[in-house]
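# Structure at a glance
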Amino acid sequence: MTSQQAVVTDFNWQEMAATIAMPNYAIINGENVSARSGKTQPVVNPATAEAIAEVADCGPEDADIAVKIARDTFESGVWSKMAPGDRKRVLLRWADLIEANLPEIALLESLSAGKPISDCFNIDVPSCLNTLRWTAEATDKVYEEIAPTGHDSLALVQRLPLGVIAAIVPWNFPLSTTAWKLAPSLATGNSVILKPDPKTPFTALKIAELAHQAGLPAGVLQVLPGDGINLGKHLSLHPDIDGQTFTGSTGVGKLLMQYSGQSNLKRTFLELGGKSANIVFADANLEKAADAAALAGFYNSGQTCTAGTRLLVQDEIYDEFLAMVLERAKNWCPDNPLSPSTNMGPVVDQRQLDTIQGYVQKGIEEGAKLVYGGKVMEHTLGGFYHEPTIFAEVDNKMTIAQEEIFGPVVSVIRFKDAADAVRIANDSPYGLAGAVWSLNINTAHKVAAAVRTGTMGVNNYFGGDITVPFGGFKESGNGRDKSLHAMDDYTELKTTWIEFE
């Protein structure tokens, strides 16, 4: 059954959850294996706060074995030297198998991450499929170069795979970010060691199994569940890994850059934190902007690096627009993620719940006005539920406006004019995303150009697709996911200069 044939309401998700098999192993050289130490760690369902599986807890010994196999596989040429068209066909078969298993993969994503099943089914898995198919189709359409030389020489500029890649992905969008890393790195011929977050390993393991069924040679893609302190650090310091790609916090990204310098200067590409400014001018379509402001702040329980957590509103409409957003916040009520009608689930764990509460208290202490929510929610399932939360009269220097909370907390900030809006928006260590709302194209374009972020929406939020690059400025990282530019991260340029006798 494909995504085009089924809708989320066709399934009894609660019944499926009671019988689904949870992947609980590592994948090394195409085989499902336990950690060499025998250690496991629990995966907890955020909706219930109950452990639902014990998954292999890999460490340095597992990493060394996986790296050796990845290197040998790469050097063998079984994948790295395969014709691009043949690699394309494997990737397309892989996407077809993922689509055939769409309900199971969506459910695994929801159970570990606490994401609403409707989002997993309608957004996350289709996004993975789109990334794989689009990148697969590009595999044999990216040309190399012949430089302009004299008649007595020939200069070739080739794109060669880096070699062995460590891909470290986060818990908030496990499937989407995994696809963003795997599609271009595999399409360009690399061998990849994937480290999913130990909170959310299921979908990485499931789709890797399907990749081998699709014909991906053993040793090309290996999956090691494990924590960042032991496993992630060891991979980042490993001298036989050529590149590392990471999506996660800025603090961890800085450590990975240090580890690269301490080891072999492995290429390091980072998509890190954000504190995006969502700027609303008085001449905007306020109804549309208010809908988007609630979505930008509360989608995925605010656990989104691009979340519009700084809502900048022009003075003359501040009170009116705040009231509109408050009304829309009522439509975002955390509930059981396995209900198809739920649009907001729990946050990922108790630690994240405590972090959010700490920021709420900090906002109150620093003088922001709590106008909506702010509390942990009691739910019949248990779990880690937090109310959508809105602070008004926030100064951009306050902690809640400067630090990434990663929860459903929106800070509403006043601005006077375009220059003031740009000043406030850029007064942040981050530069990942944002938006500007105005029906004046001159204002919208000038402000969007002046805000130093990797992505800006004009009269939209969360705009974009696989055809455009995604990444940040400043402490939001470097490198780019998505689009043809992602292939630049996983390839080296090699020049061969030939002189004729």
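Per chain, residues are indexed from 1 in the order of the written sequence. Only residues with pLDDT of at least 70 are given local features in this predicted model, and only at 80 or more are side-chain atom pairs given and counted; all residues enter the totals for whole chains, interfaces and linings. Side-chain descriptors were evaluated using all non-hydrogen atoms of the structure, hydrogens and water having been removed beforehand.

With that settled, consider the sheet that holds strand β6 (residues 153-161). Two strands pair under a simple rule: DSSP has to find at least two bridges between them. Starting at the N terminus, helices and strands are each numbered in turn, a helix being any DSSP run of H or I of at least four residues and a strand any DSSP run of E of at least two. Reading across the sheet, the three strands line up as β5-β6-β23 and stay open at both edges, with antiparallel pairing between neighbours. Looking at strand neighbours, the two that pair on one side only are β5 (145-146) and β23 (491-499), the edges of this open sheet. Relative to β23, β6 runs antiparallel, the two being bridged by nine bridges. Opposite Leu-154, over in β23, you have Ile-498 as the bridge partner.

Here we take up unusual backbone geometry. In this structure, Leu-265 is a non-glycine residue whose phi angle is positive, near 55°. Along the chain, Leu-265 falls in the loop between α9 (250-262) and β11 (267-271). Phi angles above zero are rare outside glycine, and Glu-393 is one such case at about 50°. On the secondary structure map, Glu-393 appears in the loop between β17 (389-392) and α13 (399-402). Relative accessibility under 20% of the residue-type maximum defines a buried residue, over 50% an exposed one, and the middle range a partly exposed one, all with a 1.4 Å probe and only protein chains included. A residue is classified by how much of its surface remains accessible, and Glu-393, at 36% relative accessible area, is partly exposed.

Salt bridges are defined by distance alone: a side-chain nitrogen of Lys or Arg within 4 Å of a carboxyl oxygen of Asp or Glu. The final tally for this structure, using the stated rule, is 28 salt bridges. We note a salt bridge from Lys-68 to Asp-72, for which the minimum N-O separation is 2.6 Å. Highlighted residues: Lys-68 and Asp-72, both in helix α2 (residues 60-76), separated by four residues, approximately one helical turn. Residue Lys-68 is classed as partly exposed on the basis of its relative accessible area, which comes to 49%. You can call Asp-72 partly exposed: its relative accessible area is 39%. Of the charged contacts, one joins Asp-197 and Lys-199 as a salt bridge, the two residues approaching to 4.0 Å between their closest N and O atoms.

This brings us to the sheet that holds β17. Overall, mixed pairing links the seven strands, which are arranged β14-β17-β18-β13-β12-β20-β21 in an open sheet. Of all strands in the sheet, those bounded by a partner on one side alone are β14 (369-372) and β21 (457-458). Pairing analysis gives two bridges linking strand β20 (residues 434-437) to β21, with the strands arranged parallel. Of the residues in β21, the one forming a bridge with Ala-435 is Gly-457. Whether two residues touch is decided by their heavy atoms; if any such pair falls within 4.5 Å, the residues are in contact. Every axis in this analysis is a line fitted to C-alpha atoms, fitted for helices over the stretch in contact. Angles between the N-to-C directions lie between 0 and 180 degrees. Those strands touched by helix α14 (residues 418-426) are β12 (277-280), β13 (310-314) and β18 (409-415), and its axis lies near 145° from that of β18.

Attention shifts here to the environment of Ile-165. Looking at the secondary structure, you find Ile-165 in strand β7 (residues 164-168). Taking the C-alpha atoms as reference points, Ile-165 and Leu-221, separated by 56 residues in sequence, lie 9.6 Å from one another. Those residues in contact with Ile-165 that sit more than four places away from it in its chain are Asn-190, Ser-191, Val-192, Ile-193, Ile-241, Gly-243, Thr-245 and Tyr-490.

Side chains Thr-389 and Phe-391 project from β17 onto one buried face, and the interleaved Ile-390 and Ala-392 project onto a second face that is buried too. Relative to β17, β14 is paired through three bridges, and the arrangement is antiparallel. Paired with Tyr-372 across the two strands is Ile-390, which belongs to β17. In this structure, β17 lies alongside β18, joined through three bridges in parallel fashion. Residue Phe-391 lies in a different strand from β18, and its bridge partner there is Ser-411.

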